[in-house]
Amino acid sequence: MAAFLILLVSLFLRTEAGQHHFVPPQLQFTGQVPQRLYSTAHAQAHAEAHAQSQSHAQSHQQNLLIPTFQLEQHLVPQKITPDELVEEEWKEFKLAFRKVYATEEVEKLRKEIFIENRAKIARFNQDFSQGHKNFVQRINAFGDMLSHEFNANVNGFNRSTVSQQTAAVDTSSTFIPSANVPFPESIDWRQLGAVSSVKNQQMCAGCWAYAAAGALEGQQFRKTGKLTEISVQNLLDCTRPYGNEGCEGGLMDPAFQYIKDNKGVDGEESYPLEGTENKCRFRRDAAVATTTGFVDIAQGDEKGLEIAVATLGPVTAAIDASRDTLQFYSDGVYYDPECGSKPEEMNHAVLIVGYGVEPNGQKYWLVKNSYGSEWGIGGYIKMIKDVGNHCGIATQASFPLV
């Protein structure tokens, strides 16, 4: 009789009304947030925003699938309490992002912050589901950090890094947009082969170095037809004489100036990323690119920025990334009415690799970040375009000359 019952249950699980039933796989770290960290409402909201993200539809499809169980009530495990659910999600968060804390007291504090962030994300995504937001959020590696900690540790675009400057930085060349030339409605330099993989700056506020390296990679690609990764570590270690401060902040133009004066910068292969500032170890025989100067886009000129991205390649930019809405951005077109656009409000460097239009007509900038591929849309963010220089996307944009 027992064997007969087991056979019946097996057949039920496989073929009830022609439907397929499956059990979730064991929790494994795959570089993605475990799916149980998503609430059902969050998953639905994420899927809605994702449907508007055509360029990443295939890469994100599997991440949005939430197992649906249709077993009889007596076969469904007993429901867990809210406290037990939070505890399970906390354990999965620590496993997914390899979190280890020095003491029990520190872990208790980080857990409380995680719970608070989790609740804020749920409220935000509820607003999205009601049509009040353009994008969705999710827990990521910054889930145990307060907003001010996030900004202090990863956002390092700094306009005032002149305390240790001993080398002169030239005045930028003037950007003159092309006239009487048709421009594409959208462009994505990744598809053309001019953009390297997303990097993770971790707790080093060296975003400026990642952006500068990415822009030079794009220009070098256009010059040679070959994508060669530039050493971010070379820029972190060697540009203090130009006013930059390694993992404590910096600017892109002084990095371009260093490369010009140094007559080269090493490649990632010979001078790999370490994530912290160290002694300068540039090797002349390992140099892979150089610059002849740099160009700044007119402050606040989104049209000029569009022309530069369309015709010249990826362009560095500074943005206001201080909002906690950006900390947990996951998908959709980013817009925060409180985001600043004044020069003094810029605190993070990024790389604009394209622009486009959503099916609903919403224009966006396609921006490569350096928070790792687990953040945003595989490490990218779509930022609203042509809406008053939102978040300062065109406040301090520049690119190197090769």
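Residues numbered from 1 in each chain as written. Predicted model: local features only at pLDDT ≥ 70, side-chain atom pairs only at ≥ 80, totals over all residues. Heavy atoms only, no water.

For helix 4 (residues 82-96), which comprises 15 residues, the first-to-last C-alpha distance of 21 Å matches the rise-based estimate of 21 Å (1.5 Å per residue) to within 8%. Of all the positions in helix 4, only Val86, Glu89, Trp90, Glu92, Phe93 and Ala96 are classed as buried. The arc that holds the buried residues of helix 4, viewed along the axis, is 165°, so those residues lie on one side. Facing away from the buried side of helix 4 by over 90 degrees, the exposed positions are Asp83 and Lys91. Close packing links the buried residues of helix 4 with helix 5 (104-129). Where helix 4 terminates, the next one or two residues include Arg98, which has phi positive at roughly 55°. (Helix = DSSP H or I, 4+ residues; strand = E, 2+ residues; numbered from the N terminus. Expected span 1.5 Å × (residues − 1). Buried < 20%, exposed > 50% of the residue type's maximum accessible area, 1.4 Å probe, protein only. Arc of directions from axis to C-beta. Contact = heavy atoms within 4.5 Å.)

This part covers the confidence of the model for the chain. Per-chain confidence: the chain averages 84 in pLDDT, with 79% of residues scoring 70 or above. Counting contacts from residues 1-76, a segment whose pLDDT is below 50, to residues more than four positions away or on other chains yields 93 contacts. (pLDDT = per-residue confidence, 0-100.)

Here the focus is the packing of aromatic side chains. Applying the stated criterion across every chain, the model contains 18 aromatic pairs. Pairing Phe135 with Tyr329 gives two aromatic rings, centres 5.8 Å apart and planes at 45°, and the pair type is tilted. Linking Phe135 in strand 1 (residues 135-137) with Tyr329 in strand 8 (residues 329-334), this pair joins segments that are 194 residues apart in sequence. The buried category is assigned to Tyr329, whose relative accessible area is 0%. Site record: aromatic cluster; members linked through ring pairs are Phe124, Phe135, Phe142, Phe150, Tyr329, Tyr334, Tyr371 and Trp375. (Phe/Tyr/Trp six-rings, centres within 6.5 Å; stacked < 30°, edge-to-face > 60°.)

Let us now look at the environment of Ser197. When you line up the elements, Ser197 lands in the loop between strand 3 (187-188) and helix 7 (207-224). Spatially, the C-alpha atom of Ser197 lies 8.7 Å from that of Ser373, the residues being 176 residues apart in sequence.

To continue, consider the state of the cysteines. One pass over the structure, following the stated rule, counts three disulfides. Paired by a disulfide, Cys204 and Cys247 hold their sulfur atoms 2.0 Å apart. Because the sign of the S-S torsion sets the handedness, a value of about -90° for the bond joining Cys204 and Cys247 places this disulfide among the left-handed ones. Placement of the pair is Cys204 in the loop between strand 3 and helix 7 and Cys247 in the loop between helix 8 (232-238) and helix 9 (252-262), with a sequence separation of 43 residues. The pair Cys204 / Cys247 is uniform in exposure class, with both members buried. Covalently, Cys238 is tied to Cys280 through a disulfide, its sulfur atoms 2.0 Å apart. Looking along the S-S bond of the Cys238-Cys280 disulfide, the torsion reads about 95°, which is the right-handed sense. Placement of Cys238 in helix 8 and of Cys280 in the loop between strand 4 (265-266) and strand 5 (287-289) is noted, with a sequence separation of 42 residues between them. The buried category is assigned to Cys238, whose relative accessible area is 7%. (Disulfide = S-S within 2.5 Å.)

With that settled, the discussion passes to the pairing of strand 7 (residues 315-319). Where burial is concerned, most of strand 7 is hidden: five out of the five residues are buried. Here strand 7 shows a buried face lined by Val315, Ala317 and Ile319 and a second buried face lined by Thr316 and Ala318. When strand 7 meets strand 9 (residues 348-357), the two strands line up antiparallel, connected through five bridges. Bridging across to strand 9, Val315 finds its partner in Ile352. (Pairing = 2+ DSSP bridges.)

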